[in-house]
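# Residue-level structure breakdown
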Amino acid sequence: MCGIVAYVGSKDAAPILLEGLQRLEYRGYDSAGLAIVNKTLRTRKVKGRVADLAAAVPARFKGGVGIGHTRWATHGVPSDVNAHPHVDGAERVAVVHNGIIENADELRAKLTVDGATFTSETDSEVLAHLIARTVKDTDSLEEAVRTALKRVVGTYGIAVLDAERPGEVVVARNGSPIVLGIGEKEMFAASDVAALVRYTRQVVHLEDGELATIKADGFHTFTMDATETAKEPLTVDWDAGHYDTGGYEHYLLKEISEQPETVARTLRGRVDDRFHIAHLGGLNLTPHETRAFRRVKIIGCGSAYYSGQIGAQLVEELARVPADAEPASEFRYRNPVVEHDTLYVAISQSGETYDTLAAVQELKRKGGRVLGIVNTVGSAIARECDGGIYLHAGPEVSVASTKAFTSTAVAFALLALHFGRVHDLSPADGRRICEGLRRLPAQIEEILAKDDEIAGLARKYADHAGMMFIGRVRGYPVAREGAQKLKEISYVHAEAYPASELKHGPLALIGPDMPTVAIVPDDELLDKNLTTLGEIRARGGRVLMVGHRAADPRLADDCVVVPKNETELDPILLTIPLQLLAYHAAVALERDVDKPRNLAKSVTVE
Ligand code: AGP
């Protein structure tokens, strides 16, 4: 949510900042801005995309130090004035900010009494005024930033520029990531490594409560009470190519198409064909501790939560341990009862989602044991958990999650296999699951080969005002994720229901104008599902069936046949055609596929 980039060096800052902002645009894209120092502070900010900002930056916008921002509005509408950077009245200090300042109204009132004039509706502007007040009285931007932040309640990742100290930028982190990039006689900072990998892969992650000063010749980090901290640079695994569209029209299509490889990466080195178990070294649990858990509770938001529902089903089926999933955004607010014999599992692609992080922190405060299933290595949620499984799915740029969703379900299959084999899953069943897992990448390829067929179906169904998605038991989270993908990127209203619940209410919606996407795997519930299709057809409803065999034309108008795996693993494959369906519907409706309206990739605010 929002992106920050900062540069100090001998090159021109503006092109570097614009390139970095473009890489971060998936995190927020309603307005963007830059500030550089060239004797005086110069800013440019516009409502719109980074391309609009680039067009507004004059050729003479030169200087070797600068900060930039791409915004996802929280306080105040998207507009030129509300865009960051924000500056103080004397135009000495410029600030870019991710997060929320909770006591902004109170600070604004005090600063106004002191003579400050505010130009924007944002909470962030108070930071520029606060820092500017202190920097006049000290000879240190670091000290001014520390002093100002002590008065702030809320979350922030910030970068601060002082016109009188043109060789440095001060950054700080509390609940919103900041990472430093180490170059040759130049330094970078950003809210995400995506903005840095074109220039360097040597990075340093700041912790909450930590600040840093970056200068062309290096950096130093310190805490809010000015104690120096020691940091070891890390090498980022992914290069700039991983953040490109790679010749695809959209990141989303690239990420859907990558899934045979990303699933293989999630599985690599983790499937043991000798003992039919999963190797999950990062769990930090002995078999004895694993057996002692009597429940598994899974938390995550949005698609991460739906993948958790698939995970809960897998854990119950393979390990016969009660498991359920709940939105982290709800869990954290209901003062949850935390049990010592429950294993908590937090899911997050970004590792930054604020609601999920806050839920993990609440669990830790109450002594809960929390595992993370996370894609982003070293992210806040990964660091907060007691252990976990990294997805290794690579950077996911498109706002709609696809490959991370699939890899999370695969990681849950591994976790459930591990739990199962510690409990009562037989070696024969363990072997069956191991073999099924190994078949997944090739079967995903088979589904991707149906791209043209699914694109045709998407065009056929895309012009409906709404669509119903149904599934039973294992198929229900698949239906929920299918509906989520469709509404998120095509803006077509999509509602997901358990097929078993249809006749308890939503059947009233069914008719020729409300087609149903029905998830119908070849499992023990097949007959029940076919009966439901009959009920829909009897009400004039159109049906697009996604299952393992060609549909009886009396029960479905159209059908996507998906390769069959082991019954427990089928939901992983059944989701893939729904990703393609949503993608092609969004393309047919000419939506902004990778940056859907009102959304951002990482929701780092409450
Ligand atoms: C998925 O398509 C959505 N963009 C959204 O629901 C997402 O899954 C959710 O915000 C959680 O994100 P996370 O996995 O990064 O925590």
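Per an unreviewed UniProt entry, the recorded name for the protein chain is Glutamine--fructose-6-phosphate aminotransferase [isomerizing], and the organism is Spongiactinospora gelatinilytica. UniProt, in its Catalytic activity (unreviewed entry) section for the protein chain, records the words "D-fructose 6-phosphate + L-glutamine = D-glucosamine 6-phosphate + L-glutamate".

### As for the site of the ligand
Taken together, 14 residues lie around the ligand, and Ser348, Gln349, Ser350, Thr353 and Glu488 are the ones closest in. Serine 350 is positioned such that a nitrogen or oxygen atom in its side chain is 2.7 Å from an oxygen atom of the ligand. Glutamate 488 places a side-chain nitrogen or oxygen 2.7 Å from a nitrogen atom of the ligand. In isolation the ligand offers 410 Å² of accessible surface; the protein chains occlude 90% of this area. If one sorts the elements of the shell around the ligand by residue count, helix H16 (residues 475-490) sits on top with 3 residues.

### Quick look at the packing of aromatic side chains
The final tally for this structure, using the stated rule, is 4 aromatic pairs. With 5.3 Å between their ring centres and 40° between their planes, tyrosine 305 and tyrosine 306 make a pair best called tilted. In this structure tyrosine 305 comes out as buried when scored by relative accessible area, which is 12%. On the accessibility criterion, tyrosine 306 (12% relative accessible area) is buried. What links up through ring pairs into an aromatic cluster is the set Tyr7, Phe188 and Tyr199. The ring of tyrosine 491 is capped by arginine 597, whose NZ or CZ atom sits 4.0 Å from the centre of that ring.

### Here's the deal with the UniProt feature "domain: Glutamine amidotransferase type-2" (unreviewed entry) in the protein chain
Residues given the UniProt feature "domain: Glutamine amidotransferase type-2" (unreviewed entry) here are residues 2-217. Helix makes up 23% of residues 2-217 and strand 32%, whereas the separation of the span's terminal C-alpha atoms amounts to 28 Å.

### Observations regarding the UniProt feature "domain: SIS" (unreviewed entry) in the protein chain
Under the local residue numbering, the UniProt record ascribes the feature "domain: SIS" (unreviewed entry) to residues 285-425 and 457-596. Between the end C-alpha atoms of residues 285-425 there is a gap of 18 Å, over a span that is 45% helix and 20% strand. Summarising residues 457-596: 38% helix, 19% strand, and an end-to-end C-alpha distance of 22 Å.

### Thoughts on the side chain of threonine 290
Inspection of the secondary structure assignment puts threonine 290 in helix H8 (residues 287-292). On the basis of relative accessible area, threonine 290 is assigned to the buried category, the value being 0%. Residues in contact with threonine 290, not counting those within four places in the same chain, are Leu285, His418, Phe419, Val422 and His423.

### Observations concerning the nonpolar core
Ranked by size, the top nonpolar core spans 88 residues in total, and within it Val296, Leu415, Leu437, Phe469 and Val517 carry the most contacts. For this core, the leading source of residues is helix H13 (residues 403-422), giving 12 residues. When sequence neighbours within four positions are dropped, the list of residues in contact with leucine 437 reads Leu267, Val271, Ala413, Leu414, Leu417 and Leu569. Ranked by size, the runner-up nonpolar core spans 32 residues in total, among them Tyr7, Val57, Phe188 and Val197.

### As for helix H9 (residues 303-319)
The end-to-end C-alpha separation of H9 is 24 Å, in line with the 24 Å expected for 17 residues at 1.5 Å each. H9 sits mainly inside the fold: 14 of its 17 residues count as buried. After H9 finishes, the residue arginine 320 shows a positive phi value of roughly 55°.

About the thresholds
Residues numbered from 1 in each chain as written. Predicted model: local features only at pLDDT ≥ 70, side-chain atom pairs only at ≥ 80, totals over all residues. Heavy atoms only, no water. UniProt positions renumbered as here; feature names shortened; annotations may be inferred. Near = heavy atom within 4 Å. Polar contact = N/O pair within 3.5 Å; in protein donor to acceptor, adjacent residues only side chain to side chain. Areas by Shrake-Rupley, 256 points an atom, 1.4 Å probe, with all protein chains shown as cover. Helix = DSSP H or I, 4+ residues; strand = E, 2+ residues; numbered from the N terminus. Phe/Tyr/Trp six-rings, centres within 6.5 Å; stacked < 30°, edge-to-face > 60°. Buried < 20%, exposed > 50% of the residue type's maximum accessible area, 1.4 Å probe, protein only. Lys NZ or Arg CZ within 6 Å of the ring centre and 35° of its normal. Contact = heavy atoms within 4.5 Å. Core = buried A, V, L, I, M, F, W, Y, C linked by side-chain atoms within 4.5 Å. Expected span 1.5 Å × (residues − 1).

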